[in-house]
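# Chains, contacts and geometry: an overview
Here is what each chain is made of, one letter per residue.
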Amino acid sequence: MTDSSSVPPYDEKQIRCPKLGGQVNFAYCRVEKGGQACPRAIACWTEHFDVESYFRKALSPNDFESCFSRPPQPKLVTLVELIERAQRIAAKAAISPLGKHTEPPAIPPEDEA
Ligand code: SF4
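Model, not experiment: these values are computed from the prediction.

### Description of the overall build of the protein chain
Broken down by element type, the protein chain carries five helices and two strands. By residue count, 11% of the 113 residues in the protein chain fall in the buried class. Pairs at least 24 residues apart make up 42% of the contacts formed inside the protein chain by residues separated by at least 6 positions.

### What about the site of the ligand?
Taken together, Ile15, Cys17, Pro18, Lys19, Leu20, Val24, Cys29, Glu32, Cys38, Arg40, Ala41 and Cys44 make up the full set of residues adjacent to the ligand. Residue composition of the shell around the ligand, by class: nine nonpolar, no polar and three charged.

### A closer look at helix α3 (residues 51-58)
Residues of α3 that are buried include every one of Val51, Tyr54 and Phe55, and no others. End-on, the buried residues of α3 take up no more than an arc of 90°, which puts them together on one face. The secondary structure elements touched by the buried residues of α3 are α2 (41-45) and α4 (61-68).

### Observations concerning the nonpolar core
Grouped together as the largest cluster of nonpolar side chains are nine residues: Phe26, Cys29, Ala37, Cys38, Ala41, Trp45, Val51, Tyr54 and Phe55. If you list the elements that add at least two residues to this core, you get α1 (26-29), α2 and α3. With three residues, α3 is the largest single contributor of residues to this core. Here cysteine 38 is in contact with Cys29, Glu32 and Lys33, once residues within four sequence places are set aside.

### Some remarks on the environment of arginine 56
With respect to the secondary-structure elements, arginine 56 resides in helix α3. By the C-beta count within 10 Å, which is 14 here, arginine 56 ends up partly exposed.

Calculation rules
Residues numbered from 1 in each chain as written. Predicted model: local features only at pLDDT ≥ 70, side-chain atom pairs only at ≥ 80, totals over all residues. Helix = DSSP H or I, 4+ residues; strand = E, 2+ residues; numbered from the N terminus. Buried ≥ 20, exposed ≤ 12 C-beta atoms within 10 Å, placed from the backbone. Contact = placed C-beta atoms within 7 Å. Near = placed C-beta within 6 Å. Nonpolar A, V, L, I, M, F, W, Y, C, P; charged D, E, K, R; others polar. Arc of directions from axis to C-beta. Core = buried A, V, L, I, M, F, W, Y, C linked by C-beta atoms within 7 Å.

This is how it looks when you write it as structure tokens:
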């Protein structure tokens with residue numbers, strides 16, 4: 001049953017998190033992103049209570065916009081970014097067989113034609 005109140009259900013209500021794949025409560029979703037609400041919180045909780053009204057009361061207009069105005073990135077984009085970040089870290093940490101950091105190989109000059 002949908003509750004139209006803007007009072008959050010907190011711990012007594014749990015939903016399945018599409019990002020984590022497990023059960024979470026609203027107390028977690030309110031601070032999921034480093035103390036800021038998860039950008040998906042409105043989409044995830046709107047069928048359970050008036051979550052948008054809750055956040056509009058709880059946050060300043062600027063904070064509300066910064067939290068919810070950007071659409072969440074698709075999983076594929078996130079995965080590609082994680083792979084690219086890992087590649088950059090691995091490239092920086094490249095260690096030679098002697099245990100010393102190495103420079104990337106020089107690019108040979110193009111043939112003069
Ligand atoms: S709001 Fe975010 S953390 Fe909470 S269930 Fe949805 S995706 Fe998961």
